[in-house]
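As a plain string of letters, each chain reads:
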Amino acid sequence: MNSTIKKAVFPVAGLGTRFLPVTKANPKEMLPIVDKPLIQYAVEEAVAAGIQDLVFVTGRGKRAIEDHFDKTYELEVTLEARGRHRMLTSMRGILPEEVSCIYIRQPEPLGLGDAVLRARSIIGNEPFAVILADDLIDAAPGCIAQMIDVHERHGASVLAVESIPPTDTDKYGVIESGDFANGIARIDAIVEKPSPASAPSNLGVVGRYILTPGIFDQLADLGRDDNGEIQLTDGIARLLAHERVLALEFTGQRYDCGDKLGFLKATVEYAIKHPELKDEFLDYLAKWHTRR
Ligand code: G1P
(Lines give C-alpha, C1' and ligand atoms only; values in the text may rest on other atoms or scores of the structure.)
Protein backbone atom coordinates (compact mmCIF):
# COMPACT_ATOMS: atom_id res chain seq x y z
CA MET A 1 0.00 0.00 0.00
CA ASN A 2 1.38 3.40 -1.01
CA SER A 3 0.48 5.76 1.80
CA THR A 4 1.37 9.41 2.41
CA ILE A 5 1.86 8.60 6.09
CA LYS A 6 5.14 6.76 6.53
CA LYS A 7 5.78 7.04 10.26
CA ALA A 8 3.84 5.99 13.34
CA VAL A 9 4.56 6.74 16.99
CA PHE A 10 3.76 4.04 19.55
CA PRO A 11 3.86 5.48 23.08
CA VAL A 12 4.74 2.40 25.15
CA ALA A 13 6.33 3.85 28.28
CA GLY A 14 3.08 3.81 30.33
CA LEU A 15 3.15 1.98 33.65
CA GLY A 16 0.03 -0.12 33.14
CA THR A 17 -1.25 0.46 36.67
CA ARG A 18 -4.78 -0.70 35.77
CA PHE A 19 -3.38 -4.19 35.19
CA LEU A 20 -1.18 -4.70 38.22
CA PRO A 21 0.29 -7.07 39.30
CA VAL A 22 0.76 -8.64 35.83
CA THR A 23 2.33 -5.39 34.57
CA LYS A 24 4.80 -5.12 37.47
CA ALA A 25 7.61 -6.69 35.46
CA ASN A 26 5.92 -7.12 32.06
CA PRO A 27 4.99 -4.35 29.63
CA LYS A 28 1.21 -4.01 29.29
CA GLU A 29 1.72 -3.84 25.53
CA MET A 30 3.00 -7.45 25.65
CA LEU A 31 -0.25 -8.81 27.12
CA PRO A 32 -1.47 -11.47 24.68
CA ILE A 33 -4.81 -11.59 22.93
CA VAL A 34 -4.83 -15.33 22.19
CA ASP A 35 -1.33 -15.72 20.68
CA LYS A 36 -0.12 -12.25 19.76
CA PRO A 37 0.81 -9.36 22.06
CA LEU A 38 -1.24 -6.17 21.85
CA ILE A 39 1.69 -4.25 20.37
CA GLN A 40 1.89 -6.69 17.45
CA TYR A 41 -1.76 -6.07 16.54
CA ALA A 42 -1.06 -2.32 16.62
CA VAL A 43 2.06 -2.69 14.46
CA GLU A 44 0.24 -4.94 11.97
CA GLU A 45 -2.51 -2.31 11.65
CA ALA A 46 0.13 0.36 10.89
CA VAL A 47 2.07 -1.79 8.42
CA ALA A 48 -1.14 -2.79 6.60
CA ALA A 49 -1.80 0.95 6.16
CA GLY A 50 1.58 1.44 4.43
CA ILE A 51 3.56 2.77 7.43
CA GLN A 52 7.27 1.91 7.27
CA ASP A 53 8.95 3.59 10.24
CA LEU A 54 7.75 2.48 13.66
CA VAL A 55 8.82 4.88 16.40
CA PHE A 56 8.43 3.37 19.86
CA VAL A 57 8.61 5.81 22.76
CA THR A 58 9.66 3.41 25.44
CA GLY A 59 10.86 3.33 29.03
CA ARG A 60 12.44 1.21 31.72
CA GLY A 61 11.14 -2.35 31.98
CA LYS A 62 9.94 -2.40 28.37
CA ARG A 63 12.81 -4.30 26.74
CA ALA A 64 10.52 -7.22 25.87
CA ILE A 65 8.99 -5.01 23.15
CA GLU A 66 12.36 -4.49 21.45
CA ASP A 67 13.11 -8.20 21.71
CA HIS A 68 9.73 -9.10 20.24
CA PHE A 69 10.45 -7.21 17.03
CA ASP A 70 14.05 -8.43 16.82
CA LYS A 71 15.41 -11.61 15.27
CA THR A 72 15.64 -14.58 17.68
CA TYR A 73 18.41 -16.78 16.29
CA GLU A 74 18.17 -19.54 18.89
CA LEU A 75 14.44 -19.96 18.39
CA GLU A 76 14.71 -19.91 14.61
CA VAL A 77 17.49 -22.51 14.56
CA THR A 78 15.52 -24.76 16.93
CA LEU A 79 12.27 -24.44 14.96
CA GLU A 80 14.16 -25.19 11.73
CA ALA A 81 15.84 -28.25 13.22
CA ARG A 82 12.49 -29.54 14.46
CA GLY A 83 10.82 -28.97 11.11
CA ARG A 84 8.30 -26.46 12.54
CA HIS A 85 8.19 -24.54 9.27
CA ARG A 86 4.77 -22.89 9.69
CA MET A 87 5.73 -21.49 13.09
CA LEU A 88 9.09 -20.36 11.67
CA THR A 89 7.40 -18.50 8.81
CA SER A 90 5.01 -16.77 11.19
CA MET A 91 7.91 -15.76 13.49
CA ARG A 92 9.95 -14.40 10.57
CA GLY A 93 6.96 -12.58 9.15
CA ILE A 94 6.29 -10.48 12.28
CA LEU A 95 7.84 -7.49 10.48
CA PRO A 96 8.30 -7.11 6.71
CA GLU A 97 11.85 -6.33 5.49
CA GLU A 98 11.08 -2.73 4.52
CA VAL A 99 9.86 -1.78 8.00
CA SER A 100 12.24 -0.19 10.54
CA CYS A 101 11.89 0.06 14.32
CA ILE A 102 13.22 3.13 16.10
CA TYR A 103 13.31 3.31 19.90
CA ILE A 104 13.41 6.50 21.96
CA ARG A 105 13.31 6.64 25.75
CA GLN A 106 10.81 8.63 27.76
CA PRO A 107 12.68 8.79 31.07
CA GLU A 108 9.75 9.99 33.20
CA PRO A 109 6.00 9.30 32.94
CA LEU A 110 5.14 12.83 31.81
CA GLY A 111 2.12 11.93 29.71
CA LEU A 112 1.11 11.19 26.15
CA GLY A 113 1.92 14.71 24.90
CA ASP A 114 5.48 14.43 26.23
CA ALA A 115 5.85 11.00 24.59
CA VAL A 116 4.76 12.34 21.19
CA LEU A 117 7.01 15.40 21.54
CA ARG A 118 10.00 13.11 22.09
CA ALA A 119 9.50 11.72 18.57
CA ARG A 120 9.75 15.17 16.97
CA SER A 121 13.28 14.92 15.57
CA ILE A 122 12.51 11.55 13.99
CA ILE A 123 9.15 12.56 12.54
CA GLY A 124 10.40 15.89 11.16
CA ASN A 125 8.04 18.05 9.13
CA GLU A 126 5.52 15.48 7.92
CA PRO A 127 2.15 14.15 9.07
CA PHE A 128 2.31 10.99 11.16
CA ALA A 129 0.19 8.48 13.08
CA VAL A 130 -0.02 7.89 16.83
CA ILE A 131 -1.25 4.47 17.92
CA LEU A 132 -2.05 3.41 21.49
CA ALA A 133 -1.71 -0.37 21.59
CA ASP A 134 -4.12 -0.90 24.47
CA ASP A 135 -6.96 0.17 22.20
CA LEU A 136 -7.31 -2.92 20.01
CA ILE A 137 -9.45 -2.25 16.94
CA ASP A 138 -10.85 -5.07 14.85
CA ALA A 139 -11.63 -3.51 11.47
CA ALA A 140 -11.19 -4.13 7.75
CA PRO A 141 -9.68 -1.98 6.41
CA GLY A 142 -7.84 -1.17 9.65
CA CYS A 143 -8.71 1.96 11.60
CA ILE A 144 -5.42 3.71 10.71
CA ALA A 145 -5.97 2.95 7.00
CA GLN A 146 -9.46 4.50 7.25
CA MET A 147 -7.97 7.58 8.92
CA ILE A 148 -5.18 7.96 6.36
CA ASP A 149 -7.82 7.89 3.64
CA VAL A 150 -9.64 10.79 5.34
CA HIS A 151 -6.36 12.66 5.85
CA GLU A 152 -5.46 12.27 2.18
CA ARG A 153 -8.84 13.57 1.05
CA HIS A 154 -9.02 16.52 3.46
CA GLY A 155 -5.38 17.34 4.28
CA ALA A 156 -6.10 17.70 8.01
CA SER A 157 -5.33 15.96 11.28
CA VAL A 158 -7.81 13.15 12.03
CA LEU A 159 -8.85 11.67 15.38
CA ALA A 160 -10.74 8.37 15.72
CA VAL A 161 -13.83 8.78 17.90
CA GLU A 162 -16.69 6.62 19.11
CA SER A 163 -19.74 6.99 21.32
CA ILE A 164 -18.90 6.23 24.92
CA PRO A 165 -21.20 5.78 27.91
CA PRO A 166 -21.92 9.28 29.32
CA THR A 167 -20.62 8.11 32.70
CA ASP A 168 -17.20 7.30 31.17
CA THR A 169 -16.27 10.75 29.84
CA ASP A 170 -13.59 11.07 32.54
CA LYS A 171 -11.60 8.27 30.87
CA TYR A 172 -11.25 9.91 27.43
CA GLY A 173 -10.44 12.97 25.43
CA VAL A 174 -13.96 14.19 24.56
CA ILE A 175 -14.79 16.32 21.51
CA GLU A 176 -17.32 18.94 20.57
CA SER A 177 -18.00 18.92 16.85
CA GLY A 178 -20.28 19.95 14.02
CA ASP A 179 -22.60 17.41 12.37
CA PHE A 180 -21.12 14.22 10.96
CA ALA A 181 -21.32 13.56 7.22
CA ASN A 182 -20.07 10.16 6.02
CA GLY A 183 -18.60 9.58 9.48
CA ILE A 184 -16.53 12.80 9.40
CA ALA A 185 -16.99 16.02 11.38
CA ARG A 186 -14.95 19.12 12.09
CA ILE A 187 -13.83 19.31 15.71
CA ASP A 188 -14.67 22.60 17.47
CA ALA A 189 -13.24 21.77 20.89
CA ILE A 190 -11.59 18.91 22.76
CA VAL A 191 -11.09 18.38 26.48
CA GLU A 192 -9.16 15.72 28.38
CA LYS A 193 -11.18 13.51 30.72
CA PRO A 194 -14.05 15.88 31.60
CA SER A 195 -16.52 14.93 34.32
CA PRO A 196 -19.85 13.66 32.95
CA ALA A 197 -21.45 16.93 34.05
CA SER A 198 -19.03 19.12 32.09
CA ALA A 199 -18.42 16.91 29.02
CA PRO A 200 -19.23 18.60 25.70
CA SER A 201 -20.55 15.33 24.18
CA ASN A 202 -20.32 11.57 24.57
CA LEU A 203 -17.85 11.20 21.69
CA GLY A 204 -14.56 9.91 23.06
CA VAL A 205 -11.22 9.82 21.28
CA VAL A 206 -9.82 6.31 21.00
CA GLY A 207 -6.11 5.63 20.69
CA ARG A 208 -5.63 6.50 17.00
CA TYR A 209 -4.47 9.88 15.70
CA ILE A 210 -3.20 11.24 12.38
CA LEU A 211 -1.46 14.50 13.22
CA THR A 212 0.15 17.23 11.18
CA PRO A 213 3.62 18.32 12.39
CA GLY A 214 2.00 21.56 13.64
CA ILE A 215 1.19 19.61 16.82
CA PHE A 216 4.85 19.74 17.93
CA ASP A 217 4.97 23.53 18.44
CA GLN A 218 1.74 23.32 20.43
CA LEU A 219 3.06 20.54 22.66
CA ALA A 220 6.38 22.31 23.14
CA ASP A 221 4.57 25.45 24.39
CA LEU A 222 2.31 23.54 26.81
CA GLY A 223 3.02 23.44 30.48
CA ARG A 224 2.32 20.43 32.64
CA ASP A 225 -1.23 19.88 33.87
CA ASP A 226 -2.37 19.33 37.48
CA ASN A 227 -1.01 15.76 37.36
CA GLY A 228 2.38 16.98 36.19
CA GLU A 229 1.77 15.63 32.67
CA ILE A 230 1.71 17.08 29.17
CA GLN A 231 -1.52 15.96 27.53
CA LEU A 232 -1.76 15.30 23.81
CA THR A 233 -5.40 16.40 24.04
CA ASP A 234 -4.33 19.85 25.30
CA GLY A 235 -1.90 20.16 22.38
CA ILE A 236 -4.70 19.28 19.95
CA ALA A 237 -6.98 21.84 21.65
CA ARG A 238 -4.36 24.50 20.88
CA LEU A 239 -3.87 23.21 17.33
CA LEU A 240 -7.57 23.88 16.69
CA ALA A 241 -6.86 27.62 16.79
CA HIS A 242 -4.49 27.23 13.81
CA GLU A 243 -5.71 24.24 11.78
CA ARG A 244 -8.78 22.21 10.97
CA VAL A 245 -8.91 18.90 12.88
CA LEU A 246 -11.39 16.20 11.89
CA ALA A 247 -13.09 13.43 13.83
CA LEU A 248 -13.75 10.08 12.17
CA GLU A 249 -16.38 7.68 13.43
CA PHE A 250 -14.45 4.67 12.18
CA THR A 251 -15.99 1.36 11.16
CA GLY A 252 -14.95 -1.54 13.38
CA GLN A 253 -15.00 -2.86 16.91
CA ARG A 254 -12.72 -1.36 19.53
CA TYR A 255 -11.68 -3.14 22.73
CA ASP A 256 -10.20 -1.21 25.65
CA CYS A 257 -7.50 -3.74 26.53
CA GLY A 258 -6.03 -1.48 29.20
CA ASP A 259 -9.10 -2.50 31.19
CA LYS A 260 -9.59 -6.03 32.53
CA LEU A 261 -13.13 -6.46 31.21
CA GLY A 262 -12.24 -5.05 27.78
CA PHE A 263 -9.23 -7.34 27.66
CA LEU A 264 -11.38 -10.40 28.45
CA LYS A 265 -13.95 -9.45 25.81
CA ALA A 266 -11.21 -9.12 23.18
CA THR A 267 -9.72 -12.47 24.21
CA VAL A 268 -13.06 -14.25 23.78
CA GLU A 269 -13.88 -12.52 20.47
CA TYR A 270 -10.45 -13.22 18.97
CA ALA A 271 -10.52 -16.84 20.19
CA ILE A 272 -13.91 -17.31 18.50
CA LYS A 273 -12.36 -16.13 15.24
CA HIS A 274 -9.06 -18.03 15.56
CA PRO A 275 -8.85 -20.72 12.86
CA GLU A 276 -7.21 -23.32 15.15
CA LEU A 277 -9.33 -22.63 18.21
CA LYS A 278 -12.76 -21.49 17.19
CA ASP A 279 -14.59 -24.86 16.97
CA GLU A 280 -13.37 -26.24 20.28
CA PHE A 281 -13.66 -22.89 22.01
CA LEU A 282 -17.24 -22.32 20.86
CA ASP A 283 -18.06 -25.85 21.98
CA TYR A 284 -16.53 -25.09 25.38
CA LEU A 285 -18.49 -21.83 25.68
CA ALA A 286 -21.77 -23.57 24.81
CA LYS A 287 -21.12 -26.24 27.48
CA TRP A 288 -20.11 -23.61 29.99
CA HIS A 289 -23.33 -21.72 29.30
CA THR A 290 -25.54 -24.76 29.91
CA ARG A 291 -23.64 -25.53 33.16
CA ARG A 292 -24.38 -22.09 34.66
C1 G1P B 1 -5.38 8.50 26.49
C2 G1P B 1 -5.68 9.93 26.08
C3 G1P B 1 -7.19 10.14 25.97
C4 G1P B 1 -7.76 9.12 24.99
C5 G1P B 1 -7.40 7.70 25.44
C6 G1P B 1 -7.84 6.67 24.41
O7 G1P B 1 -5.82 8.29 27.81
O8 G1P B 1 -5.11 10.81 27.03
O9 G1P B 1 -7.45 11.44 25.50
O10 G1P B 1 -9.17 9.27 24.90
O11 G1P B 1 -5.99 7.57 25.61
O12 G1P B 1 -7.60 5.38 24.87
P13 G1P B 1 -5.34 7.03 28.70
O14 G1P B 1 -6.19 5.87 28.26
O15 G1P B 1 -3.89 6.82 28.40
O16 G1P B 1 -5.60 7.41 30.12
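Residues numbered from 1 in each chain as written. Predicted model: local features only at pLDDT ≥ 70, side-chain atom pairs only at ≥ 80, totals over all residues. Heavy atoms only, no water.

A. Quick look at the pattern of salt bridges. According to the stated counting rule, one finds 19 salt bridges in the structure shown. Measuring nitrogen to oxygen at the nearest pair gives 4.0 Å for the salt bridge that ties Glu66 to Arg63. A residue pair is termed a helical-turn pair when its members lie 3 or 4 positions apart in one helix, as Glu66 and Arg63 do in helix α2 (residues 63–68) at 3 residues. Exposure remark for Glu66: the relative accessible area of 24% places this residue in the partly exposed category. Here Arg63 falls in the exposed class, since its relative accessible area comes to 51%. In this structure, Arg86 and Glu276 form a salt bridge, with 3.9 Å as the shortest nitrogen-oxygen distance. With Arg86 in helix α4 (residues 85–92) and Glu276 in the loop between α10 (260–273) and α11 (278–291), this pair connects stretches of sequence that are 190 residues apart. Both residues of the pair, Arg86 and Glu276, count as exposed. (Salt bridge = Lys/Arg side-chain N within 4 Å of Asp/Glu carboxyl O. Helix = DSSP H or I, 4+ residues; strand = E, 2+ residues; numbered from the N terminus. Buried < 20%, exposed > 50% of the residue type's maximum accessible area, 1.4 Å probe, protein only.)

B. Looking closely at the packing of helix α8 (residues 214–221) against helix α9 (residues 232–239). For the pair α8 and α9, interaxial distance at closest approach is 8 Å and the crossing angle is 115 degrees. As for the relative orientation of α8 and α9, their crossing is right-handed in sense. Contacts between α8 and α9 involve Gly214, Ile215, Gln218, Leu219 and Asp221 on the former and, on the latter, Leu232, Gly235, Ile236, Arg238 and Leu239. The residue makeup of the contact of α8 with α9, split by class, is 5 nonpolar, 3 polar and 2 charged. (Axes fitted to C-alpha atoms, helices over the stretch in contact; angles between N-to-C directions. Left-handed = near helix turned anticlockwise from the far one by under 90°. Contact = heavy atoms within 4.5 Å. Nonpolar A, V, L, I, M, F, W, Y, C, P; charged D, E, K, R; others polar.)

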